[in-house]
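A look at the structure
Below, each chain spelled out in residue letters.
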Amino acid sequence: MARFFLTTAIDYANGDPHLGHALEKIGADAIARYRRLAGDDVHFLMGMDEHGQKVKQAADEEGVSPQAFVDRVAATFEDAWQHLDISNDQFIRTTDPAHKRGVKALIERIHEKNPDDFYEKTYEGWYCVGCELFKRENEIVDGRCVLHPTRELQWTEERNWFFRLTRYQSFLERLFDERPEFLRPETRRNEILALLAQGLEDISITRSRLSWAIPFPLRSSNGEEQGTWVWFDALPNYLTATGFPDKSYRELWPAQLHIIGKDITRLHCVVWPAMLQAAEIALPQQVWAHGFMTFGGERFSKSAGVAFSLQEAIDRHGADALRYFLLREIPFDGDGDFSWERFDERYNAELANAWGNLASRAIAMVEKYRDGVVPSGERTPLDQADLAELVEYHAALDGSRGYFLQEGIKRALASVGRGNEYVQSSQPWALAKDESKRAQLDDVLSAVIRALARQCVLLHPFVPAKTEELWRQLGAPGRVSDQRFDGLAGLDAAGWKVRKGASLFPRTPNER
RNA sequence: GGCAGGGUAGCUCAGGUGGUUAGAGCACGGCACUCAUAAUGCCGGGGUCGUGGGUUCGAGUCCCACCCCUGCUACCA
């Protein structure tokens, strides 16, 4: 059994979870569930990034300690993920003692293996208050930051520890050359190639004024203790989650897949690989950078999130419907827009009318015409079409070219469309009136139930709870989550006792 | 400013190496059916393929210019 260790970005603990966070976790969960159905031994990691100035500030504003603050925020996030049926196996927090120990060990290991990689330097440069960043020459036009031309730049000095990123320039070039699949999708890879072509610079990895941070383990020349830069603290979570530095960390590491937002690509594809290489630790196999969701055309952010809560979106049609909609509507390799209108539209058209109703009519006919027992029947073109399309379904989801979740859903949904067409054209209700056509009716009923069962498996990564519910209504044995893709071809529903339950996806009137 | 990608039906998008009447889903209109969540199926209307040139027997598909949009432009989580 192949191991599949996948991770999501850990979320920064300075606010409540919103739909933007949810998109990534739901997508990652779909991939995790897909791998389980493919037979992999999956380990799915998520977590929280809890250090940094902004967390400290937010805690101060509420008059609570940073730890109390992040404890509350983390609980809120974990609660949200539970409501969305996210199947993570582990939830790491950067304030966990084990994580702090791991980061310290990693830094010490880099220092031990490559003592030259850390050095102290007084950094001075133009600081843009708008960006809250030091700006480079090529980002300054007419003495002002290109992104904030109305602000004055400030000349600032600070003595920090630096990481010699420049030493890994050629290593990274070779990585991207030899392993084109390391970063996907292609557009993100091109951006990193452009960055490498431009040439890297060393990065400062400590902050002198940072109190809410992991203390940097190396002693400064002036005796001052500095806080570790948040990313040098956050990125190693993927490694510390495996138990690093305990030897057993090799049982999980290296990760097969890091799932991140496209905005933090360079941290994961330049800084993180360089850190691992400096520590002489194996690199993860692949990084997938997904796009973002907009709301009403606006970038989904804290401010837009105020428009509605994650819970409101869940309450609309249920968690499964939200999961389905986000992954169906927004391409996982790019950006997409969320709107209530589209949500209702897809819910009614695809989940209620197409799929829910196909299940409803099929189960009702088995009950009415065969006393609820699925007859045995011949294979039909419906089976053949579904099995033929499996190739495309897997091509979209198995990672060989990337993770095109939207495409995978489309392939599964095509089976639903064929099912409805098949029922309509074979007119089982007419066959039922003619006793001489009993065998034909058996063929039709069994074919449709088989198709529904296959749909349960194919859609399970996206719609986990409802597929289990339909599986039960079909009278199928066991659970969907225990099925395997390679069992689909031989799937047979003969003898199953169907039980019609409540509508899978009740149609809702268009509101708003 | 630089680099990259994109502008195709009301909406979201497909359209390898140029070639018959430019496609899909949703939405809209008509018809059929009754097993089903007034659901489903079939048919149909609808597009100057961003703008202006060029190459070619022929361009949405190649070349040039321009307009517009988006992303990236390292230590913001």
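Everything numeric in this text was worked out from a predicted model, so none of it was measured.

**What to know about the overall build of chain A**
Tallying secondary structure elements over chain A gives 18 helices and 18 strands in all. Dimensions of chain A, computed from C-alpha atoms along their principal axes, come out at roughly 95 × 50 × 40 Å. Across the 512 residues that make up chain A, the buried fraction comes to 54%. Relative to all contacts within chain A whose residues are 6 or more apart in sequence, the contacts with residues 24 or more apart total 78%. Roughly 21800 Å² of accessible area belongs to chain A as shown, and the carbon and sulfur atoms make up 48% of that amount. Of the charged side chains in chain A, 63 are positive and 77 negative, and the gap between their average positions amounts to 3 Å.

**What about the packing of aromatic side chains?**
For the coordinates displayed, the defined rule picks out 28 aromatic pairs. Centre to centre, the rings of Tyr-119 and Phe-162 are 5.6 Å apart; their planes meet at 25 degrees, and the pair counts as stacked. Within this pair, whereas Tyr-119 is found in strand E5 (residues 118-128), its partner Phe-162 is found in strand E9 (residues 154-163), the two being separated by 43 residues in sequence. With respect to class, Tyr-119 is no different from Phe-162; both count as buried. A connected cluster of aromatic rings, assembled from ring pairs, spans Phe-118, Trp-161, Phe-163, Tyr-168, Phe-171, Phe-216 and Phe-232. In this structure, Lys-121 is placed above the aromatic ring of Phe-162, and the distance from its NZ or CZ to the ring centre is 4.6 Å. One cation-aromatic arrangement involves Lys-466 over Phe-505; the distance from NZ or CZ to the ring centre is 5.4 Å.

**Considerations on helix H12 (residues 319-329)**
Here H12 lies mainly inside the structure; 11 of its 11 residues are buried. Inspection of H12 places Ala-319, Asp-320, Ala-321, Leu-322, Arg-323, Tyr-324, Phe-325, Leu-326, Leu-327, Arg-328 and Glu-329 among the buried residues, and these make up the whole buried set.

**Side note on the side chain of Gln-286**
With respect to the helices, strands and loops of the structure, Gln-286 is situated in the loop between helix H9 (265-278) and strand E15 (287-290). Beyond its immediate sequence surroundings of up to four residues, Gln-286 is in contact with Glu-181, Phe-182, Arg-184, Gln-256, Leu-257, His-258, Gly-399 and Tyr-403.

**Topic: the pairing of strand E1 (residues 3-8)**
By the criterion of burial, E1 is predominantly enclosed, with five of the six residues buried. Sheet topology note: the E1/strand E3 (residues 41-49) ladder contains five bridges and is parallel. Bridge assignment links Arg-3 to a residue of E3, and that residue is Asp-41. With three bridges connecting them, E1 and strand E14 (residues 257-261) associate as parallel partners. In the sheet register, Thr-7 faces E14, and the bridge partner there is His-258.

**A few points about unusual backbone geometry**
Residue Pro-185 follows Arg-184 across a cis peptide bond; omega there is 0 degrees. With respect to the element layout, Pro-185 can be found in the loop between strand E10 (183-184) and helix H6 (186-198). Look at Gln-427: it is not a glycine, yet its phi comes out positive at around 45 degrees. Tracing the backbone shows Gln-427 in the loop between helix H15 (405-426) and helix H16 (428-431). On the basis of relative accessibility, which here comes to 37%, the residue Gln-427 falls in the partly exposed class.

**Considerations on the environment of Leu-441**
The topology assignment puts Leu-441 in helix H17 (residues 438-459). Along the backbone, Leu-441 and Asp-41 are 400 residues apart, and their C-alpha atoms lie at a distance of 41 Å.

**Brief notes about the packing of H15 against H17**
Packing of H15 against H17 leaves a shortest axis separation of 10 Å and a crossing angle of 165 degrees. Classified by the angle between their axes, H15 and H17 sit roughly antiparallel to one another. Where H15 crosses over H17, the handedness of that crossing is left-handed. Counting all contacts with H15, which are made through Ala-412, Ser-415, Val-416, Tyr-422, Val-423 and Ser-426, the residues of H17 involved are Asp-443, Val-444, Ala-447, Val-448, Ala-451, Gln-455, Leu-458 and Leu-459. Split by residue class, the contact of H15 with H17 holds 10 nonpolar, three polar and one charged.

**Examining the packing of helix H13 (residues 340-370) against H17**
Where H13 meets H17, the closest approach of the two axes is 10 Å, and the angle between their N-to-C directions is 145 degrees. Pair H13 / H17 crosses with left-handed handedness. Here Trp-355, Leu-358, Ala-359, Ala-362, Met-365, Val-366, Tyr-369 and Arg-370 of H13 lie close against H17, whose contacting residues are Arg-438, Leu-441, Asp-442, Leu-445, Val-448, Ile-449, Leu-452, Gln-455 and Leu-459. Classifying every residue of the contact of H13 with H17 gives 13 nonpolar, one polar and three charged.

**Quick look at the domain arrangement of chain A**
One widely used convention gives an interface's size as the accessible area the parts lose upon coming together. With domains assigned, chain A is organised as domain 1 (3-307) and domain 2 (340-511). Taken together, the contact between domain 1 and domain 2 spans 17 residues of the former and 23 residues of the latter. When domain 1 packs against domain 2, close to 1600 Å² is buried across both sides, 65% of that on carbon and sulfur atoms. When the buried surface of domain 1 facing domain 2 is broken down by residue, Tyr-34, Leu-37 and Trp-288 rank first, second and third, together holding 45% of it.

**As for H9**
In this model H9 runs 19 Å from its N-terminal to its C-terminal C-alpha over 14 residues, within 8% of the 20 Å that 1.5 Å per residue would give. The sharpest bend along H9 reaches about 30 degrees and sits at Trp-272, with the proline Pro-273 one to four residues further on. For H9, the buried fraction is high: 12 of the 14 residues fall into the buried class. The set of residues buried in H9 consists of Thr-265, Leu-267, His-268, Cys-269, Val-270, Val-271, Trp-272, Pro-273, Ala-274, Met-275, Leu-276 and Ala-278.

What counts and how
- Residues numbered from 1 in each chain as written.
- Chains lettered and ligands numbered in written order.
- Predicted model: local features only at pLDDT ≥ 70, side-chain atom pairs only at ≥ 80, totals over all residues.
- Heavy atoms only, no water.
- Helix = DSSP H or I, 4+ residues; strand = E, 2+ residues; numbered from the N terminus.
- Buried < 20%, exposed > 50% of the residue type's maximum accessible area, 1.4 Å probe, protein only.
- Contact = heavy atoms within 4.5 Å.
- Areas by Shrake-Rupley, 256 points an atom, 1.4 Å probe, with all protein chains shown as cover.
- Lys, Arg positive; Asp, Glu negative; His and termini not counted.
- Charge placed at Lys NZ, Arg CZ, Asp CG, Glu CD.
- Phe/Tyr/Trp six-rings, centres within 6.5 Å; stacked < 30°, edge-to-face > 60°.
- Lys NZ or Arg CZ within 6 Å of the ring centre and 35° of its normal.
- Pairing = 2+ DSSP bridges.
- Axes fitted to C-alpha atoms, helices over the stretch in contact; angles between N-to-C directions.
- Parallel < 35°, antiparallel > 145°, perpendicular 65-115°, else oblique.
- Left-handed = near helix turned anticlockwise from the far one by under 90°.
- Nonpolar A, V, L, I, M, F, W, Y, C, P; charged D, E, K, R; others polar.
- Domains from an automatic or database assignment.
- Buried area = accessible area lost by both parts, 1.4 Å probe.
- Expected span 1.5 Å × (residues − 1).
- Bend = angle between axes of the 7 residues up to and from the residue.

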